[in-house]
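Residues per chain are reported as follows:
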Amino acid sequence: MTDTVLLAIDNKRTSELWSASESVEELRELCQNLGYSVTNIEIQAREKPHTKFYVGSGKLKEIKEIYKEKNIGLFVTDDDLSPLQHRTLEAELSVKVMDRTGIILEIFAMRANSKEAQLQVEYAQLTYLKPRLTRMWTHLSRLGGGIGTRGPGEKQLEVDKRQIRNRMDTIKEKLLKIEKQRGLKRERRLTTPILTGSIVGYTNAGKSTLLNSMTESNVTAESKLFATLDPTTKTFRIPSNEKVLLTDTVGFIQKLPNPLKTSFKATLEEINEANFILHVIDISHPNWESMLKTSEILLEDLGSNKIPTIYVFNKIDLVKSPSTYDTIHKYHPNVCISASKKESLSKLLDAIQKLLDVYQKEYVFRVPLNRMDIVHLLHQHGQVLEEEYKELVTIKVKINKIIAEKIMGQLEKKRV
Ligand SMILES: Nc1nc2c(ncn2[C@@H]2O[C@H](COP(=O)(O)OP(=O)(O)OP(=O)(O)O)[C@@H](O)[C@H]2O)c(=O)[nH]1
Ligand SMILES: [Mg+2]
């Protein structure tokens, strides 16, 4: 285990969702997920990070003094470092330095299983690495003694940067191909008469566990951060017996690194196609409200904030104090459940039913006689109120608007 020291800046702004110490606690957990053992934490009160050293120069001196004999293998900063800060801090401390983004990227790289996730993570890593490349080469030229090494180092750097750019272009092409295939699937989904829901929320909230419990499946759900990188889709039935597709997706985190936001954009934007959202919150976590708000900001960025949402307060089996629930009424509709203990899942099913019932409307379909498939679908998904066979089949049906629109899509598409 690498002994690790965390560095953070506390700007004392109370408007921030996360206090410096809460944010650092999360960073500690992120580091532990990588097997780094956090031995010390240094938080400096400062308006903003020092442009060169991240912490102030006096604080840096103090840190150097405290840790010089302590065999520390890594320093991690809770904010992103500019390439200059990164380089300077590492040179000053003579130990490897990583920032929050570097840590999160490493976790993502470890968890990526599918080809798509691997490409997305590699793209994010290269985006992060490109402006930092100089660092390694300045190190090398320094090791080489300076004279004569600077030239080849610089040249090598250009070659490396070019190689990175080429690799990024290749990855982008491959990702575009995957996205295209996904687009075809999406088109099919748009006319398949089935309702879809998305499970979203902060990392480790219990999204995959909920998907498993609701659909009796076996998706990886573990007590580690970012266990899920690939969206998984399963089906279940709501009380009216209508089938619903449910997708579990990558978790959110505060200060979500920009390179990851960009490369996972396509995956995350699939949330927008859902007819409803289950926003899972780990209510047993002391910071649940900040986590909820952080996730809402990210959903807003993605443009998913208008989709009908149920707040699913999870892990109620771990809640000790009843006052924990004092503020949940601000978020509604809501249900309190335990996904792992399968507690109150029926309440959640009822809430989903209620939310979808709002879309129940009466329609009159006029279907050509050669489209009995459509007639069949209307019978399958709706409550047929009147039916008349002449040169056309006229059907009055009470049906979910979303399903009705998808069936209309099928009717129009095949006629062309
Ligand atoms: N006690 C308790 N633990 C739960 C409950 N639901 C989930 N967990 C645990 O919480 C941890 C995280 O669960 P996951 O389902 O993997 O969480 P996730 O939201 O999918 O996390 P990421 O994919 O990493 O974003 C696991 O150890 C689960 O067993 C619950 O209702 N009660
Ligand atoms: Mg998961």
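Where do I start with the packing of helix H4 (residues 100–111) against helix H5 (residues 115–129) in this structure?
With their axes 10 Å apart at the nearest point, H4 and H5 run at an angle of 155 degrees to one another. One element, H4, and the other, H5, form an angle in the roughly antiparallel class. Viewed along their axes, H4 and H5 form a crossing whose handedness is left-handed. Packed against H4, whose contacting residues are Thr-101, Leu-105, Phe-108 and Ala-109, the element H5 presents Val-121, Ala-124, Gln-125 and Tyr-128 at the interface. In terms of residue class, the contact of H4 with H5 is made up of six nonpolar, two polar and no charged.

Would you mind showing me how to read the site of ligand 1 here?
Every one of the 24 residues lining ligand 1 counts as a neighbour, but Gly-206, Ser-208, Ser-223, Thr-228 and Gly-251 are closest to it. Each residue belonging to the shell around ligand 1 can be placed in one class, and the counts come to seven nonpolar, 12 polar and five charged.

Sorry, what's going on with the sheet that holds strand S4 (residues 96–99) here?
Adjacent strands of a sheet form backbone hydrogen bonds with each other and so pair up, either parallel or antiparallel. Strand order in the open sheet formed by four strands is S2-S1-S3-S4, with parallel pairing between adjacent strands. Edge positions in the sheet fall to strand S2 (36–45) and S4, since each has one partner strand and no second. On average, each strand axis in the sheet is inclined to that of its neighbour by 25 degrees, with strand direction left out of account. Across nine bridges, strand S1 (residues 2–10) lies against S2 in parallel orientation. Looking at the pairing, Leu-6 lines up with Ile-41 of S2. Contacts from helix H3 (residues 83–93) reach strand S3 (74–77) and S4, with the element oriented near 145 degrees to S4.

Teacher, can you tell me more about the pairing of strand S9 (residues 309–314) here?
Remark: a regular strand shows side chains that alternate across the two faces of the sheet. Burial analysis of S9 places six of its six residues in the buried class, which makes it a mostly covered element. Every second residue of S9 is oriented toward a common face, with Thr-309, Tyr-311 and Phe-313 on one face and Ile-310, Val-312 and Asn-314 on the other, all of them buried. Examined bridge by bridge, strand S8 (residues 276–282) and S9 share six bridges and lie parallel to one another. Note that in S9 the partner of Ile-277 across the bridge is Thr-309. Regarding topology, helix H11 (residues 288–302) serves as the crossover connection from S8 to the parallel S9, and that connection is right-handed. Pairing between S9 and strand S10 (residues 334–336): three bridges, direction parallel. Within S10, the residue paired with Val-312 across the bridge is Val-335.

What should I look at first to understand the domain arrangement of the protein chain in this one?
Frequently, the measure chosen for interface size is the accessible area removed from exposure when the parts meet. Looking at the protein chain, the domain boundaries give domain 1 (2–111), domain 2 (115–177), domain 3 (193–357) and domain 4 (360–415). Once you take the C-alpha centre of each, domain 2 and domain 3 turn out to be 37 Å apart. Contacts between domain 2 and domain 3 engage seven residues on the former and six residues on the latter. In the side of domain 2 that touches domain 3, the residues fall into four nonpolar, two polar and one charged.

What am I meant to see in the environment of Thr-196 here?
Here Thr-196 shows up in strand S5 (residues 195–201). Under the C-beta neighbour-count criterion, Thr-196 is labelled partly exposed, with 18 such atoms within 10 Å. Along the backbone, Thr-196 and Asn-258 are 62 residues apart, and their C-alpha atoms lie at a distance of 28 Å. Among all residues touching Thr-196, those that are not within four sequence positions of it are Leu-245, Glu-273, Ala-274 and Asn-275.

Please clarify how the sheet that holds strand S12 (residues 383–389) should be interpreted in this entry.
If you walk across this open sheet you meet the three strands as S11-S13-S12, and the pairing is antiparallel. Only two strands of the sheet have a single partner each, and these edge strands are strand S11 (360–368) and S12. Averaged over all pairs of adjacent strands, the angle between strand axes in this sheet comes to 15 degrees, irrespective of strand direction. Note: S11 against strand S13 (residues 392–400), nine bridges, orientation antiparallel. For Phe-365, the partnering residue across the bridge sits in S13 and is Ile-395. Seen against the sheet, helix H13 (residues 372–381) touches S11, S12 and S13 and runs at an angle of roughly 30 degrees to S13.

Explain the environment of Leu-34 here, please?
Tracing the chain through its elements places Leu-34 in the loop between helix H1 (20–33) and S2. Along the primary structure Leu-34 and Thr-220 are separated by 186 residues, whereas in three dimensions their C-alpha atoms are 18 Å apart. If sequence neighbours within four positions are ignored, Leu-34 has contacts with Ile-103, Glu-106 and Ile-107.

Cut-offs applied
Residues numbered from 1 in each chain as written. Chains lettered and ligands numbered in written order. Predicted model: local features only at pLDDT ≥ 70, side-chain atom pairs only at ≥ 80, totals over all residues. Axes fitted to C-alpha atoms, helices over the stretch in contact; angles between N-to-C directions. Helix = DSSP H or I, 4+ residues; strand = E, 2+ residues; numbered from the N terminus. Parallel < 35°, antiparallel > 145°, perpendicular 65-115°, else oblique. Left-handed = near helix turned anticlockwise from the far one by under 90°. Contact = placed C-beta atoms within 7 Å. Nonpolar A, V, L, I, M, F, W, Y, C, P; charged D, E, K, R; others polar. Near = placed C-beta within 6 Å. Pairing = 2+ DSSP bridges. Buried ≥ 20, exposed ≤ 12 C-beta atoms within 10 Å, placed from the backbone. Right-handed = clockwise from strand over helix to strand, strands pointing away. Domains from an automatic or database assignment.

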